[in-house]
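What the coordinates show
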Amino acid sequence: MHEDTARAPVSGQRALEADPRRFRAALGRFVTGVTIVTTLDASGRPVGLTANSFNSVSLDPPMVLWSLARRSANLPLFEGASHYAINILAADQHALSDRFARSVEDRFAGVDWTPGVCGMPVLAGVTAVFECVNDTRVDGGDHVVFLGRVEAFEEQDRVPLVFHSGRYARPHYALPADRG
């Protein structure tokens, strides 16, 4: 083992001794996209929330994941939903992200959306959407991890909304895109 790889970072802390606020700040150093996950409640009304805990899982079968805090009032609804849609927000949709992150009586009031292929709410102007079967849920400590099997998706060539260190940002593309 090389000597430099054995040393911990100068300002590092062991995870078990970590201050939760510092741990959260360290996690915030990872740049993420911003999503709004949507579904329908038992009466067919649209429900949604902002989440940045999204990732790809598999190409075959096509699967993605996201997570939701156990303390969320929406947890039982998403656990019981047969499907949901993960809407990847575009850079000009930060107000929409804020709206779905707050407690608002009707988050969908005045929001442009249509039912997707699976019937789930698909928001207008997003950079991508993944409509998923609610395939598997996994215990993730203070969160539940949702694994979704993608049944339909769409994508638009739009600049995505990104989140870093507790605030919205715009990506800066250092290299030209290779759409080969």
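So, here is what we can say about the structure in this document.

Rules used throughout
- Residues numbered from 1 in each chain as written.
- Predicted model: local features only at pLDDT ≥ 70, side-chain atom pairs only at ≥ 80, totals over all residues.
- Heavy atoms only, no water.
- Pairing = 2+ DSSP bridges.
- Helix = DSSP H or I, 4+ residues; strand = E, 2+ residues; numbered from the N terminus.
- Phe/Tyr/Trp six-rings, centres within 6.5 Å; stacked < 30°, edge-to-face > 60°.
- Buried < 20%, exposed > 50% of the residue type's maximum accessible area, 1.4 Å probe, protein only.
- Arc of directions from axis to C-beta.
- Contact = heavy atoms within 4.5 Å.
- Salt bridge = Lys/Arg side-chain N within 4 Å of Asp/Glu carboxyl O.

Next up on the list: the sheet that holds strand S11 (residues 162–164). Strands sit in the order S1-S11-S12 across an open sheet of 3 strands; the sheet is antiparallel. Of all the strands in the sheet, the pair left with one neighbour each is strand S1 (32–33) and strand S12 (167–169).

What the rule picks out here adds up to 9 aromatic pairs. Taking 5.8 Å as the distance between ring centres and 25° as the angle between the ring planes, the aromatic pair formed by Phe54 and Phe130 counts as stacked. One end of the pair, Phe54, is in strand S4 (residues 54–59); the other, Phe130, is in strand S9 (residues 128–140), with 76 residues separating them in the sequence. On the basis of relative accessibility, which here comes to 26%, the residue Phe54 falls in the partly exposed class. Both rings, one in Trp66 and one in Phe78, keep their centres 5.2 Å apart while their planes meet at 75°; by these two values the pair is edge-to-face. Residue Trp66 is found in strand S5 (residues 62–69), and its partner Phe78 is found in helix H3 (residues 75–80); the two are separated by 12 residues along the sequence. The rings of Trp66, Phe78, Tyr84 and Phe146 are connected pair by pair, giving a single aromatic cluster.

All right, on to the pairing of S4 then. For S4 and S5, the ladder comprises 5 bridges, and the chain directions are antiparallel. If you follow Phe54 over to S5, its bridge partner there is Trp66.

The next point concerns helix H4 (residues 94–101). Within the span of H4, buried status applies to Leu96, Ser97 and Phe100. Along the axis of H4, the buried residues cluster in a sector spanning 100°; they form a single face. More than 90 degrees from the buried face of H4, the exposed residues found are Ala95 and Ala101. Contacts made by the buried residues of H4 are with strand S2 (35–40), strand S3 (46–51), strand S8 (121–123) and S12.

Taken as a whole, this structure holds 4 salt bridges when the rule is applied. Measuring nitrogen to oxygen at the nearest pair gives 2.6 Å for the salt bridge that ties Arg70 to Asp139. Linking Arg70 in the loop between S5 and H3 with Asp139 in strand S9, this pair joins segments that are 69 residues apart in sequence. Shared partners join several salt bridges into a network, and the residues in it are Asp135, Arg149 and Glu151.

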